[in-house]
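# Summary of the model geometry
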Amino acid sequence: MTAGLLIGSWVAQQTIGAHYFLDPKILLAFAMWFAYCVMIFIRRHSGLRGRRAVYLSSFVFFVVLTVWAANQFSAVHRFTTP
C-alpha cells in the first residue's frame, strides 16, 4: 500500500499537477494508510487482543469502506462505463 501511494503520488504529480491531491479519494487513501499504520502500531506495542482489537479493526474497515464510497465524489477517479 505504501509503495502504491508513493508511486501513484509521484506519477500524478508529474502528469496532472498538485491540484490532484485535493481530490477526496486521494485524501481518504492517505487517511486509510495512516489508520492502518496506527492500527499496526497499537497492536504491536500494547499487545491488543480480543474485543478491543476487533473494535480497532472494525474502525479501519469503516475507513476502507469510506475510501471506496469516495469514488462518487471524486473528479479524477470516477470510472463510468461507455
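My aim in this report is to walk through the structure given alongside it, one point at a time. (Residues numbered from 1 in each chain as written. Predicted model: local features only at pLDDT ≥ 70, side-chain atom pairs only at ≥ 80, totals over all residues. Heavy atoms only, no water.)

## What about helix H2 (residues 24-46)?
Compared with the 33 Å implied by 1.5 Å per residue over 23 residues, the 32 Å span of H2 between its first and last C-alpha is a close match. Taken together, the buried residues of H2 touch helix H1 (2-15) and helix H3 (51-69). One or two positions beyond H2, positive phi appears at Gly47, with a value near 65°. (Helix = DSSP H or I, 4+ residues; strand = E, 2+ residues; numbered from the N terminus. Expected span 1.5 Å × (residues − 1). Contact = heavy atoms within 4.5 Å.)

## Focus on the packing of H1 against H2
Axis separation between H1 and H2 bottoms out at 11 Å; the angle between their running directions is 150°. Taken together, H1 and H2 sit at an angle that is classed as roughly antiparallel. In terms of crossing hand, the pair formed by H1 and H2 is left-handed. Between H1 and H2, the residues in contact are Thr2, Leu5 and Ser9 and Ala29, Phe30 and Trp33, respectively. (Axes fitted to C-alpha atoms, helices over the stretch in contact; angles between N-to-C directions. Parallel < 35°, antiparallel > 145°, perpendicular 65-115°, else oblique. Left-handed = near helix turned anticlockwise from the far one by under 90°.)

## Overview of the packing of H2 against H3
Here H2 crosses H3 at 165°, and the two axes come no closer than 9 Å. Considered as vectors, H2 and H3 are oriented roughly antiparallel to each other. The element H2 and its partner H3 pack so that their crossing is left-handed. Residues Lys25, Leu28, Ala29, Ala31, Met32, Ala35, Tyr36, Met39, Ile42 and Arg43 of H2 lie in contact with H3, whose contacting residues are Ala53, Leu56, Ser57, Val60, Val63, Val64, Thr66, Val67 and Trp68. Partitioned by chemical class, the residues of the contact of H2 with H3 number 15 nonpolar, 2 polar and 2 charged. (Nonpolar A, V, L, I, M, F, W, Y, C, P; charged D, E, K, R; others polar.)

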